[in-house]
Amino acid sequence: MENCRTCEAVDYHEIIDCIVSALDARDSYTAGHSQRVSDMALVICDLIGLKEADKEKIHIAAHLHDIGKIGIPDAVLLKVGKLNNEEWETIKKHPKIGAEILSKSQHLSELKDIVLYHHERFDGKGYPVGLKGAMIPIGARIIAICDSIDAMLSNRCYRKAHDLQFCYQEIKKNLNIMYDPIVGKYVLEHWDIVTKQYQKNKVCENRAELKRCC
Ligand SMILES: [Fe+2]
Ligand SMILES: [Fe+2]
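Residues numbered from 1 in each chain as written. Chains lettered and ligands numbered in written order. Predicted model: local features only at pLDDT ≥ 70, side-chain atom pairs only at ≥ 80, totals over all residues. Heavy atoms only, no water.

**A few points about the pattern of salt bridges**
So, point 1. One pass over the full model with this rule turns up 12 salt bridges.
So, point 2. Residue D150 pairs with R36 through a salt bridge whose shortest N-O separation is 2.5 Å. Highlighted residues: D150 in helix 9 (residues 138–152) and R36 in helix 3 (residues 28–48), separated in sequence by 114 residues.
So, point 3. Measuring nitrogen to oxygen at the nearest pair gives 3.6 Å for the salt bridge that ties E100 to K96. Of this pair, E100 and K96 are both found in helix 7 (residues 94–102), four residues apart, which corresponds to roughly one turn of the helix.
So, point 4. Taking relative accessible area as the criterion, E100 reaches 42% and is therefore assigned partly exposed.
So, point 5. The partly exposed category is assigned to K96, whose relative accessible area is 49%. (Salt bridge = Lys/Arg side-chain N within 4 Å of Asp/Glu carboxyl O. Helix = DSSP H or I, 4+ residues; strand = E, 2+ residues; numbered from the N terminus. Buried < 20%, exposed > 50% of the residue type's maximum accessible area, 1.4 Å probe, protein only.)

Right, here's the structure in full:
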């Protein structure tokens, strides 16, 4: 039987773009966030000296880390303002939803654990399962730091973006608590390189983000 031409022509990166744009269509705030986290993760992978294959895997997982938010209701996902406890519990389901989505694809399922554990903490007090230390995949430990840096350096509806110095101190303070100390050491030692994209007056870049700043 002849192979399907469409299947042969499909490019892996094209599929990723397609999936990510489905989430962007729901919440354009996530678009900028995932891109920045992904760029930063790649820089950290280089600093640590990870193999090309691992770098590629972590880079793509970073693009997709919040894909599970596609399964979160609008009332919570698009809420302007702080979430209450119940809403917070709802949003905490996104790593599991994301991992379930990726498990449907033979290629992407190898990324599912990175996505599932990107909100775990080094001290075991994160979610969804409370995985600790080196039990957390290295990709998830890298994304966790990038995720926090981007959150701190972005405006929120309830606060303005923190400055780079504040962010640096928070990462330092939370080594061994929230973050992997080895990954964190690389980040802090190369702070200017890791946070390069935030140094040129990074402010709200898209309308959704602006809306959330009000
Ligand atoms: Fe997330
Ligand atoms: Fe995120």
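**Some points on the environment of S34**
So, point 1. Note on placement: S34 falls in helix 3.
So, point 2. Taking C-alpha positions, S34 is 8.5 Å from D147, a pair spaced 113 residues apart along the chain.
So, point 3. When near neighbours in sequence (up to four residues on either side) are disregarded, S34 contacts A62, H63 and H65. (Contact = heavy atoms within 4.5 Å.)

**Some points on the coordination of the iron ion (ligand 2)**
In an ideal octahedron of six donors the angles at the metal are 90 or 180 degrees, and in an ideal tetrahedron of four donors they are 109.5 degrees.
So, point 1. Every protein donor of the iron ion (ligand 2) is accounted for by H33 (NE2), H65 (NE2), D66 (OD) and D147 (OD), and the metal-donor separations fall at 2.2 to 2.3 Å.
So, point 2. Because the angles between the four donor atoms bound to the iron ion (ligand 2) fall within 74 to 170°, the donor set is best described as irregular.
So, point 3. Taken in sequence order, the residues that donate to the iron ion (ligand 2) follow the motif H-x31-H-D-x80-D.
So, point 4. A spacing of 3.6 Å is found between the iron ion (ligand 2) and the iron ion (ligand 1), which share D66 as a donor. (Donors = N, O, S within 2.8 Å, 3.2 Å for Na, K, Ca; no water. Tetrahedral: all angles 85-135°; square planar, octahedral: opposite > 155°, others 65-115°.)

**Some thoughts on the environment of I58**
So, point 1. By secondary structure assignment, the location of I58 is in helix 4 (residues 52–64).
So, point 2. Residue I58 is classed as buried on the basis of its relative accessible area, which comes to 3%.
So, point 3. Every residue in contact with I58, bar those within four places of it in the chain, is listed here: A41, C45, L50, I114, G139, I142 and I143.

**Here we look at the nonpolar core**
So, point 1. Judged by nonpolar contacts, the single largest core of 40 residues is most densely connected at L64, I142, I149, I171 and V187.
So, point 2. Ranked by the residues each element gives to this core, the list is headed by helix 9, at seven residues.
So, point 3. Once residues lying within four places of it in the same chain are set aside, the contact partners of I142 are A41, I44, C45, I48, L50, I58 and V183. (Core = buried A, V, L, I, M, F, W, Y, C linked by side-chain atoms within 4.5 Å.)

**Observations concerning helix 7**
So, point 1. Those residues of helix 7 that fall on the buried side of the exposure criterion are H94, P95, G98, A99 and L102. For helix 7, the arc enclosing every buried residue in end-on projection is 135°, short of the 170-degree limit, so these residues lie on one face.
So, point 2. Where the residues of helix 7 are buried, they touch helix 4, helix 6 (85–91) and helix 8 (112–116). (Arc of directions from axis to C-beta.)

**A few points about the layout of surface pockets**
So, point 1. Considered as a void within the structure, the largest pocket measures approximately 1100 Å³ in volume.
So, point 2. The wall of the largest pocket is formed by 35 residues, among which W88, H119, A151, R156 and Y158 lie closest to the centre.
So, point 3. At the level of secondary structure, the elements contributing two or more residues to the lining of the largest pocket comprise helix 3, helix 5 (74–77), helix 6 and helix 9.
So, point 4. Element by element, the count of residues in the lining of the largest pocket is highest for helix 9, at five residues.
So, point 5. Here the second largest pocket defines a volume of roughly 160 Å³.
So, point 6. Taken together, 11 residues form the lining of the second largest pocket, with I16, D17, V20, Q35 and H63 sitting closest to its centre. (1 Å grid on protein atoms, 1.4 Å probe; cavity = no way out; pocket = protein on both sides within 12 Å on 5 of 7 lines; lining within 4 Å. Points joined across faces, edges and corners; volume = space filled by probe spheres on them.)

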